[in-house]
Amino acid sequence: MKFSAALFASVVLGSGAADAFTAGVRRSAKVSSVSLRETISEELGTPCEDECALDSFPNLPASVHPGVVTGQAMLDLLNHAKENGYAIPAVNCVSSSGINACLEAARKNDAPIIIQFSSGGSQFYGGKGLSNKNYAAAIAGAVSGAFHVRTMAEQYGIPVILHTDHCAKSLLPWVDGLLAASERYYAKHGEPLFSSHMIDLSEEPIEENIEICKDYLSRFAKIGMLLEMELGITGGEEDGVNNEDVPLEDLYSKPEEIYQVYDALTPISDMFTVAAAFGNVHGVYSPGNVQLEPKILTRAQAYISEKLGDKAPADKKPVSFVFHGGSGSDVSDIQEAIGYGVIKMNIDTDTQWSYWEGIKNFEAKYHDYLQGQIGNPEGADKPNKKYYDPRESMRAAETNTVNRLDQCFADLKCTNILGLGAAEEADNVLGPRRGGLPV
């Protein structure tokens, strides 16, 4: 599926709504060299210089800009990934520290990134001290995270797709709350707060899965949001959802099922992706325990192209796929799947470990300085504040995560995409009270 601007515009009802959308497509065109709408930096009055102030990137479609991309800009970015043979890493985040590590890694790799929140991660972002009755904490946490991403993505000078991860049927009130927030944001800014949401009804009958997704896609498309839906089940365990004992056949989608989804959703909008199952498993397991079958994806593309006949796209890849359970996967399987139309791969387990490993290694390195506030190998009266300052261990976690994400970007062939070249080293030498780190 190649996302078309014409179909995207057609889903906005009425000329007034269409005009509002056109006014809200940020930096997709220039009028007398002035952007069509305020950036968040302009709105908040925060500094925005150098790459932050760019209207577009040398190597990407003109609509794609620094900051969160939605609507046509998002579609153009995803089409660019598909046409140029790379997939965008989608990293689950639970804190502003994790988000900043993702943004830093994306700029380091001269690439776009997808930042996403699960329901549990959203609740944690809001604070475990808050009640999550009616998903209030998860909704507030995700909205808070969204504004952090919107504010900082521009500063890092990279395009970001802002997404939420698995939403089972029981979690639909969570996405309903976020969708309501995006509709209010759209009314003021001409674009949604989030770029996209995933609706995961893979455990429901396929007919119910499709019908509910149709309802959500109709609502999403009116404000320029994309739907990610899941077919089949991703094995393993993640964020409290345990699929370790599901029947083997449920881990593999059938071409006929994927076509059923494509046929049902395309008349509404082309703003959807499919997380089809081809043996994917959440988590990391011993070699040989995960049997990926990426060729399921190319068989589905061929089957749907045959059904479409002359209407099939020239590349014979009508569907844009999402790769779930990517942590620990063999690089050859990842890159084979990209060749079959995968444009997004989820990453969570590997970055959870990299964040923890950074803290673990920091503690090991400075162990003797972290046993009390006073006293270390340099003397019984020596203070240890500069070692137990939480910024130190958190920065070690961020740095380790950036390094791990370097591998992810390389595996997904998602490097040197923007055309900005190497990032300049951050000017951060003013001392701890002015933002620098003490150690």
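Starting afresh in each chain, residues are numbered from 1 along the sequence in its written order. With the structure being a predicted model, the display of local features is reserved for residues of pLDDT at least 70 and the display and counting of side-chain atom pairs for 80 or more, all residues being used for whole-chain, interface and lining totals. The basis for every side-chain value is the complete set of heavy atoms in the structure, and neither hydrogens nor water enter the calculation.

Asker: How do you make sense of the state of the cysteines when you look at a structure like this?
Answerer: Think of a disulfide as a covalent bridge from one cysteine sulfur atom to another cysteine sulfur atom. Throughout, a disulfide means two cysteine sulfur atoms within 2.5 Å of one another. In the structure shown here, the tally under the stated rule is one disulfide. Disulfide partner of Cys48: Cys52, at an S-S distance of 2.1 Å. Taking the torsion about the S-S bond as the criterion, the Cys48 to Cys52 disulfide, at about -105 degrees, is left-handed. Summary of cysteine pairing: Cys93 is not part of a disulfide, and the nearest cysteine sulfur, belonging to Cys102, is at 3.7 Å. For every residue, the accessible area (1.4 Å probe, protein chains only) is compared with the maximum for its type, and the residue is labelled buried under 20%, exposed over 50%, or partly exposed between those bounds. The exposure class of Cys93 is buried, given its relative accessible area of 4%.

Asker: I'm lost on the nonpolar core in this one. Help?
Answerer: One broad rule of soluble globular proteins: the nonpolar side chains tend to lie buried together. Residues belong to one nonpolar core when they are buried, are Ala, Val, Leu, Ile, Met, Phe, Trp, Tyr or Cys, and are joined through side-chain atoms within 4.5 Å. Residues Ile113, Ile115, Phe117, Phe194, Val274 and Phe321 are the most contacted members of the largest nonpolar core, which totals 104 residues. A total of eight residues in this core trace back to one element, the largest contributor, which is helix H8 (residues 172-189). Runs of H or I in DSSP of at least four residues are treated as helices and runs of E of at least two as strands, each being numbered from the N terminus.

Asker: Explain the layout of surface pockets to me, please; I cannot follow it from the model alone.
Answerer: Any space left empty among the atoms is revealed by the rolling of a water-sized probe across them. Throughout, the protein atoms alone are placed on a 1 Å grid, and a set of points is a cavity if a 1.4 Å probe fits but cannot get out or a pocket if it is open with protein on both sides within 12 Å along at least five of seven lines; lining residues have an atom within 4 Å of a point. Grid points are joined across faces, edges and corners, and a volume is the space filled by probe spheres set on the points. Considered as a void within the structure, the largest pocket measures approximately 1,400 Å³ in volume. What lines the largest pocket is a set of 27 residues, among which Tyr156, Glu424, Glu425, Ala426 and Asp427 lie closest to the centre. The set of elements that each furnish at least two residues to the lining of the largest pocket consists of helix H5 (96-108), helix H7 (136-156) and helix H15 (390-411). Only Asp, Glu, Lys and Arg are considered charged, only Ala, Val, Leu, Ile, Met, Phe, Trp, Tyr, Cys and Pro nonpolar, and every remaining residue, Gly among them, polar. Residues of the lining of the largest pocket, tallied by class, amount to 10 nonpolar, five polar and 12 charged.

Asker: What's the story with the packing of aromatic side chains in this structure? I'm lost.
Answerer: For any pair of aromatic rings, the description rests on two quantities: the centre-to-centre distance and the angle between the ring planes. Working definition: rings of Phe, Tyr and Trp (its six-membered ring) pair if their centres are within 6.5 Å, and the pair is stacked with planes under 30 degrees apart, edge-to-face with planes over 60 apart, and tilted otherwise. For the coordinates displayed, the defined rule picks out nine aromatic pairs. Relative to Tyr387, the ring of Tyr366 has its centre 5.2 Å away and its plane inclined at 45 degrees; by these criteria the two rings are tilted. Here Tyr387 lies in helix H14 (residues 385-388) and Tyr366 lies in the loop between helix H13 (349-365) and strand E13 (374-376), a separation of 21 residues in the sequence. Both residues of the pair, Tyr366 and Tyr387, count as buried. Pairwise contacts between aromatic rings join Phe362, Tyr366, Tyr369 and Tyr387 into one cluster.

Asker: Whenever I open this one, helix H12 (residues 331-339) confuses me. Can you help?
Answerer: Given 3.6 residues per helical turn, the α-helix brings residues three or four places apart onto the same face. Among the residues of H12, those classed as buried are Asp333, Ile334, Ala337 and Ile338. Seen end-on, H12 carries its buried residues on one side only, within an arc spanning 140 degrees. Contact definition: two residues touch when any of their heavy atoms are within 4.5 Å. Taken together, the buried residues of H12 touch helix H11 (295-308), strand E11 (321-323), strand E12 (342-347) and H15. Think of the arc as the fan of directions from the helix axis to the C-beta atoms.

Asker: What should I look at first to understand the pattern of salt bridges in this one?
Answerer: Here a salt bridge means any side-chain nitrogen of Lys or Arg lying within 4 Å of a carboxyl oxygen belonging to Asp or Glu. Applying the stated rule across the entire model yields 12 salt bridges. Glu208 is the partner of Lys169 in a salt bridge, and the nearest nitrogen-oxygen pair spans 2.4 Å. Placement of Lys169 in the loop between strand E4 (159-164) and H8 and of Glu208 in helix H9 (residues 206-221) is noted, with a sequence separation of 39 residues between them. Residue classification places Lys169 among the partly exposed residues on the basis of a relative accessible area of 38%. Note that Glu183 and Arg219 form a salt bridge whose closest N and O atoms lie 2.7 Å from each other. Within this pair, whereas Glu183 is found in helix H8, its partner Arg219 is found in helix H9, the two being separated by 36 residues in sequence. For Glu183, a relative accessible area of 27% translates into the label partly exposed. The class for Arg219 is partly exposed, based on a relative accessible area of 33%. The network of salt bridges with common partners includes Glu104, Arg395 and Glu398.

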